[in-house]
Amino acid sequence: MHDVTDYKSIILRARKKLFYLPLGLLLGALIGFCVYTGFVKAAHREMYRQVSKLYIDFAVNGRGDEADYFNGATWTDLLTAHPLLWDEIEAQLSEQYLPAELDGSYMDYVKKSVRAEILSDVRLMTLTVTTPSPEKTEVLSKAVCDALVSFGEKAKEFDRIEYLSDAGGAQRVLINDRSRNAALLGGFLGLLITAAALHLSLLLDDAVYVPEEAEQRFSLPVLGHTCKTAGSDAKDLAYFLSGHGGHAAVISPLGKTRAEALVAALPEYRDALAASDAEDYEALRKAGCVIAAVPYGISCGAAFRRMLGACRRQDCPVAGLILQDADEAFLARYYRIKDRQL
């Protein structure tokens, strides 16, 4: 006994399952979209941002190096480090919110929410405030801007700091939406996984679908087949029985009931065939000849081999096979019979 891969049978069986591929693609795309959307919502809270522009007019001390001390790397730290700035910011925030309402202390909230930058010209400051609340964003932005204007009036290094443009209201931060890419990737992976699973299921399927497949796999002659709907082809069975005393026991790896069903499907041989239990070796030895029913499309190849081996060891070897409950339409496609009359 040896396994032979019948690629034609595999391809014909795969045709019935091809609809799983678009289903896998759609399901993968849906999962990819949902996972990405859930991750974005879980990892990124909705944020609001307000950007203000301020103009810095430095005082002249004769050297012209004031701007060297107030560069882009300094201003963000100065907001919480310089008393003239911080006292003003803290005073305005304390009028609106308690520290607990800002998830901690005022200073921590300002440090994580405000960024003061000098992007090009040392006299032009860009102040960016980002928080999860539009109201808190506007309040914090006003507090910091007012503190900077007041700082420009009080600090000797400046003539003044003034608004260059009105900041306007807080704007919702738009997260870069990659849901389409996530859906495409999910769809591709879903298609790939479905195709791999389909291929693996076909390769691991040890069921028998055509008589020639049973002959090659079990090295025994197939004497005929019965069909699920109607009709049977057991032309070789009569000649086989004539050479084996005219009688045979029928066994099945699925039990005696299936063997009885096979005998019932061959009424012209009802007197010549007797269903038997595959493990009733004494009865099989007395029968003299044993025929095994090979179930069509049922993955029981390993059990079938085990049954054949046990019968051989008990001196009641199986001499022939009958394919039981075959699909007539599948056999017609396999043999390329147009009118499907086998």
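Heads up: these notes are all about the structure in this document. (Residues numbered from 1 in each chain as written. Predicted model: local features only at pLDDT ≥ 70, side-chain atom pairs only at ≥ 80, totals over all residues. Heavy atoms only, no water.)

**Overview of the overall build of the chain**
Helix and strand content of the chain: 14 helices and 11 strands. By the burial criterion, 41% of the 342 residues in the chain qualify as buried. Of all intrachain contacts in the chain linking residues separated by at least 6 positions in sequence, the fraction that spans at least 24 positions is 74%. (Helix = DSSP H or I, 4+ residues; strand = E, 2+ residues; numbered from the N terminus. Buried < 20%, exposed > 50% of the residue type's maximum accessible area, 1.4 Å probe, protein only. Contact = heavy atoms within 4.5 Å.)

**Digging into the nonpolar core**
Among the nonpolar cores identified, the biggest contains 32 residues, and W75, L79, L127, L148 and F158 are the most heavily contacted of them. Mapped by element, the contributors of at least two residues to this core are strand 1 (48-58), helix 4 (75-81), helix 5 (83-96), helix 6 (106-113), strand 2 (114-117), strand 3 (124-131), helix 7 (134-154) and strand 4 (158-165). Ranked by the residues each element gives to this core, the list is headed by helix 7, at seven residues. If near-sequence neighbours (up to four positions away) are discounted, F158 is found in contact with I56, D57, F58, A59, F70, W75, F151 and G152. Counting residues in hydrophobic clusters, the runner-up holds 31 residues, among them L12, A207, L220 and F330. (Core = buried A, V, L, I, M, F, W, Y, C linked by side-chain atoms within 4.5 Å.)

**Some remarks on the packing of aromatic side chains**
Per the stated rule, a full pass over the model turns up 10 aromatic pairs. Ring geometry for Y334 and Y335: centres 5.2 Å apart, planes at 90°, overall edge-to-face. For Y334, a relative accessible area of 11% translates into the label buried. Counting every residue linked through ring pairs, the aromatic cluster contains F58, W75, F151 and F158. In this structure, K8 packs its charged tip against the face of Y334, placed 5.0 Å from the ring centre. The lysine or arginine in question, K136, covers the ring of Y97, its NZ or CZ lying 5.8 Å from the ring centre. (Phe/Tyr/Trp six-rings, centres within 6.5 Å; stacked < 30°, edge-to-face > 60°. Lys NZ or Arg CZ within 6 Å of the ring centre and 35° of its normal.)

**Quick word on helix 10 (residues 235-242)**
Taken together, the buried positions of helix 10 are occupied by L237, F240 and L241. Considered in projection along helix 10, the buried side chains sweep an arc of 95° and stay on one side of the axis. Of the exposed residues in helix 10, the ones pointing more than 90 degrees away from its buried face are K235, Y239 and S242. Summarising the contacts, the buried residues of helix 10 are in contact with strand 6 (222-227), strand 8 (248-251), strand 9 (273-275), strand 10 (290-295) and strand 11 (318-326). (Arc of directions from axis to C-beta.)

**What to know about the packing of helix 5 against helix 7**
Where helix 5 contacts helix 7, the two axes come as close as 8 Å, and the packing angle between them is 145°. For the pair helix 5 and helix 7, the sense of crossing is right-handed. Here helix 5 contributes L84, L85, E88, I89, Q92, L93 and Q96 to the contact with helix 7, which in turn contributes V139, L140, K142, A143, V144, D146, A147, L148, F151 and K154. Looking at the contact of helix 5 with helix 7, its residues break down into 11 nonpolar, two polar and four charged. (Axes fitted to C-alpha atoms, helices over the stretch in contact; angles between N-to-C directions. Left-handed = near helix turned anticlockwise from the far one by under 90°. Nonpolar A, V, L, I, M, F, W, Y, C, P; charged D, E, K, R; others polar.)

**Points about unusual backbone geometry**
With phi around 55°, S219 is a residue other than glycine that occupies positive phi space. Along the chain, the position of S219 falls in the loop between helix 9 (211-218) and strand 6. The phi torsion at D315 lies on the positive side, around 60°, for a residue other than glycine.

**Some remarks on the environment of I193**
Note on placement: I193 falls in helix 8 (residues 179-204). Take I193: its relative accessible area is 58%, and that puts it in the exposed class. Spatially, the C-alpha atom of I193 lies 9.1 Å from that of L21, the residues being 172 residues apart in sequence.

**Some words on the pattern of salt bridges**
As a working rule, side chains carrying opposite charge can pair if their charged atoms are close by. Scanning the entire structure with this criterion turns up nine salt bridges. Among the salt bridges present, the one from R13 reaches D205, with a minimum N-O distance of 3.2 Å. Here R13, found in helix 1 (residues 7-15), pairs with D205, found in the loop between helix 8 and helix 9; they are 192 residues apart in sequence, far enough to count as distant. Each member of the pair, R13 together with D205, is buried. A salt bridge links R285 to E282, with the nearest nitrogen and oxygen atoms 3.2 Å apart. With R285 and E282 both in helix 12 (residues 281-287), this residue pair falls three residues apart, about one helical turn. (Salt bridge = Lys/Arg side-chain N within 4 Å of Asp/Glu carboxyl O.)

**Describing the state of the cysteines**
One pass over the full model with this rule turns up zero disulfides. Free of any disulfide, C311 has its nearest cysteine sulfur in C316, 4.6 Å distant. By relative accessible area, which is 0% here, C311 ends up buried. (Disulfide = S-S within 2.5 Å.)

**Re the side chain of E213**
Looking at where E213 falls in the secondary structure, it is placed in helix 9. You can call E213 buried: its relative accessible area is 4%. Separated by 3.1 Å, the side chain of E213 and the backbone nitrogen of Y209 make a polar contact. Residue contacts for E213: discarding those within four places in its chain leaves D6, S9, A207 and V208. (Polar contact = N/O pair within 3.5 Å; in protein donor to acceptor, adjacent residues only side chain to side chain.)

**Re the sheet that holds strand 10**
Strand order in the open sheet formed by six strands is 7-6-11-10-8-9, with mixed pairing between adjacent strands. Of all the strands in the sheet, the pair left with one neighbour each is strand 7 (232-233) and strand 9. Two strands pair when backbone bridges link them, and strand 8 and strand 10 are joined in this way by three bridges, in the parallel orientation. Paired with A249 across the two strands is V290, which belongs to strand 10. (Pairing = 2+ DSSP bridges.)

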